[in-house]
Amino acid sequence: MINDILKLIERLAPDPVCDDCIAERLQLADLQKVRIATNALAGTSRFERCSDTCALCDHKKLATRRSQ
């Protein structure tokens, strides 16, 4: 699952994507697992989480993007 999330975020780079949209796009029912995965990615130097406008739903919320 984390690899699918990583690929989606990288495909949308440099735009951020929220956990809700990640779950919807990848048809993942467990939002908590998505949050755990995106937090884990943000713990690396390649990704960051911040309050931003999601590229998919256009709502401002916590989102993940590939670091530039």
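Residues numbered from 1 in each chain as written. Predicted model: local features only at pLDDT ≥ 70, side-chain atom pairs only at ≥ 80, totals over all residues. Heavy atoms only, no water.

S.K.: Describe the pattern of salt bridges, naming the residues involved and giving the relevant values.
M.R.: Evaluated as defined, the whole model comprises six salt bridges. Of the charged contacts, one joins D19 and R49 as a salt bridge, the two residues approaching to 3.0 Å between their closest N and O atoms. In this pair, D19 sits in helix α2 (residues 19-25) while R49 sits in strand β2 (residues 47-53), placing the two residues 30 residues apart along the sequence. For the residue pair D19 and R49, the accessibility class agrees, reading buried in each case. (Salt bridge = Lys/Arg side-chain N within 4 Å of Asp/Glu carboxyl O. Helix = DSSP H or I, 4+ residues; strand = E, 2+ residues; numbered from the N terminus. Buried < 20%, exposed > 50% of the residue type's maximum accessible area, 1.4 Å probe, protein only.)

S.K.: Residue-level account of unusual backbone geometry, with values.
M.R.: Most of the time, phi is negative for any residue but glycine, and the peptide bond is trans. In this structure, P14 follows A13 across a cis peptide bond, with omega equal to 10 degrees. Mapped onto the elements, P14 comes out in the loop between α1 (2-12) and β1 (17-18). With a phi close to 55 degrees, Q27 is a non-glycine residue in the positive phi region. On the secondary structure map, Q27 appears in the loop between α2 and α3 (31-42). Judged by its relative accessible area of 74%, Q27 is exposed. Of note, the phi angle at D58 is positive, near 65 degrees, even though the residue is not glycine. The exposure class assigned to D58 is exposed, which follows from its relative accessible area of 61%.

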